[in-house]
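# What the coordinates show
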Amino acid sequence: MGRRPAPLPLGLAARSGERGAVCRPCRPHPASGARGISRSGPWNPRNSIGAVRIVLVGGCAGVGALAGAWAAWLAFRLAVPPDAAPVSRCPHCREALPAGWRGWLRLGGRCPACRRLTVRSWAYVAAATAGFAALAWRLPADRPAEVVLLIAWLLVAGAGTVLAGIDVAVHRLPRPILAAAAAAIGPLVATASVCAHDPGLLLRAGLTAAAFGGGYLILARAGTGPGH
Ligand SMILES: [Zn+2]
């Protein structure tokens, strides 16, 4: 039986670098659920924007701009009535869009033939850039589980940008996009749960997804929910 070390005075625990030392003002982080670790030293990444965080926010904002530009093109092509094929011609010059994957991997909403805008791509770029930057700024990213969860949230923001554009245009949420987003985000949440040794994380995410799915199912039955 070893002697328990005497509690260190407030602030001294942080300077000593002892991992696991807990000071009273530190509260569990709302996202990670981890115990508060005293970081009351001269640089505290939780309370200040450090160089790493600035790079993270800038990088995620750049990725968000690219994701928004792609989301604009996807929303333009997929904003069609239920059971209709994706848009295959420019609404201005009626030129056929590129076939195959080249017709999908485009940034922005300009027609490759006449160069006119087919969709307000600036709105998608602005929304995704702001969303990605806000997530990188506010969410913790110190531990592997937190980084994985941040990636999952970025995917939610990217898919949400596409779905919002389609919903505004044709009032439907295509199920293939919902299924693809769930298939990508589910394993990430499971990975974060394993990394954090927190099975409750996966359980809470599953319950939240089930609640949202149930709500959308009710809307679908009422005729105002996701389309095909
Ligand atoms: Zn055109």
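It should be emphasised that the depicted structure is a prediction, and the values quoted were computed from it without experimental measurement.

### Quick notes on the overall build of the protein chain
On a plain count of helices and strands, the protein chain comes out with 6 helices and 0 strands. For the protein chain, the sequential pattern of α-helices and β-strands runs α-α-α-α-α-α. Burial analysis of the protein chain (228 residues in total) assigns 22% to the buried set. In the protein chain, of all internal contacts separated by at least 6 residues, the share reaching a separation of at least 24 is 60%.

### Let's talk about helix 3 (residues 121–138)
In this model helix 3 runs 26 Å from its N-terminal to its C-terminal C-alpha over 18 residues, within 8% of the 26 Å that 1.5 Å per residue would give. The complete set of buried residues in helix 3 reads Ser 121, Tyr 124, Val 125, Ala 128, Thr 129, Gly 131, Phe 132, Ala 133, Leu 135 and Ala 136. Tucked into the core, helix 3 has its buried residues touching helix 2 (51–78) and helix 4 (144–170).

### Topic: the confidence of the model for the protein chain
Here the protein chain averages 80 in pLDDT, while 75% of its residues score no lower than 70. When pLDDT is averaged over each helix and strand of the protein chain, the minimum, 41, is found for helix 1 (residues 12–16) and the maximum, 96, for helix 3.

### A word on helix 5 (residues 175–195)
Side chains three or four residues apart in an α-helix point the same way, a direct result of the helix having 3.6 residues per turn. For helix 5, built from 21 residues, the straight-helix expectation of 30 Å at 1.5 Å per residue is met to within 8% by its first-to-last C-alpha distance of 30 Å. Two residues or fewer past helix 5, His 197 is found with a positive phi of approximately 55 degrees.

### Digging into the packing of helix 4 against helix 5
Packing of helix 4 against helix 5 leaves a shortest axis separation of 8 Å and a crossing angle of 170 degrees. Comparing the axis directions of helix 4 and helix 5 gives the class roughly antiparallel. In this structure, helix 4 uses Pro 144, Ala 145, Val 148, Leu 149, Ile 151, Ala 152, Leu 155, Val 156, Ala 159, Val 162 and Leu 163 to contact helix 5, whose residues at the interface are Ile 177, Ala 181, Ala 184, Ile 185, Leu 188, Val 189, Thr 191, Ala 192 and Cys 195. For the contact of helix 4 with helix 5, the class distribution of residues is 19 nonpolar, 1 polar and no charged.

### Considering the nonpolar core
Residues Ala 71, Ala 75, Phe 132, Leu 135 and Ala 192 are the most contacted members of the largest nonpolar core, which totals 35 residues. Going through the elements one at a time, helix 2, helix 3, helix 4 and helix 5 are the ones with two or more residues in this core. The contacts of Ala 192, once residues within four sequence positions are left out, are Ala 145, Val 148, Leu 149, Ala 152 and Leu 201.

### A few points about unusual backbone geometry
At Asp 83, a residue that is not glycine, the phi angle is positive and equals roughly 70 degrees. Of note, Asp 83 is situated in the loop between helix 2 and helix 3. Not every positive phi belongs to a glycine, and Arg 94 is a case in point at roughly 65 degrees. With 10 C-beta atoms packed within 10 Å, Arg 94 lands in the exposed category.

### Points about the environment of Ile 185
Summarising the element assignment, Ile 185 is placed in helix 5. A C-alpha to C-alpha distance of 9.9 Å links Ile 185 and Val 148, two positions 37 residues apart in sequence.

### Looking at the environment of Trp 153
When you line up the elements, Trp 153 lands in helix 4. Residue class for Trp 153 comes out buried when judged on the 20 C-beta atoms lying within 10 Å of it.

### Digging into the environment of Trp 70
Within the secondary structure, Trp 70 is located in helix 2. In this structure the C-alpha to C-alpha distance between Trp 70 and Leu 107, which are 37 residues apart in sequence, comes to 4.6 Å.

### With respect to the packing of helix 3 against helix 4
For the pair helix 3 and helix 4, the least separation of the axes is 10 Å and the interaxial angle reads 160 degrees. Relative to helix 4, helix 3 is oriented roughly antiparallel. Classified by chirality, the crossing of helix 4 by helix 3 is right-handed. Only Leu 150, Trp 153, Leu 154, Ala 157, Gly 158, Thr 161 and Gly 165 of helix 4 make contact with helix 3, whose side of the interface consists of Tyr 124, Ala 127, Ala 128, Gly 131, Phe 132, Leu 135 and Ala 136. Here the contact of helix 3 with helix 4 is composed, by residue class, of 10 nonpolar, 4 polar and no charged.

About the cut-offs
- Residues numbered from 1 in each chain as written.
- Predicted model: local features only at pLDDT ≥ 70, side-chain atom pairs only at ≥ 80, totals over all residues.
- Helix = DSSP H or I, 4+ residues; strand = E, 2+ residues; numbered from the N terminus.
- Buried ≥ 20, exposed ≤ 12 C-beta atoms within 10 Å, placed from the backbone.
- Contact = placed C-beta atoms within 7 Å.
- Expected span 1.5 Å × (residues − 1).
- pLDDT = per-residue confidence, 0-100.
- Axes fitted to C-alpha atoms, helices over the stretch in contact; angles between N-to-C directions.
- Parallel < 35°, antiparallel > 145°, perpendicular 65-115°, else oblique.
- Nonpolar A, V, L, I, M, F, W, Y, C, P; charged D, E, K, R; others polar.
- Core = buried A, V, L, I, M, F, W, Y, C linked by C-beta atoms within 7 Å.
- Left-handed = near helix turned anticlockwise from the far one by under 90°.

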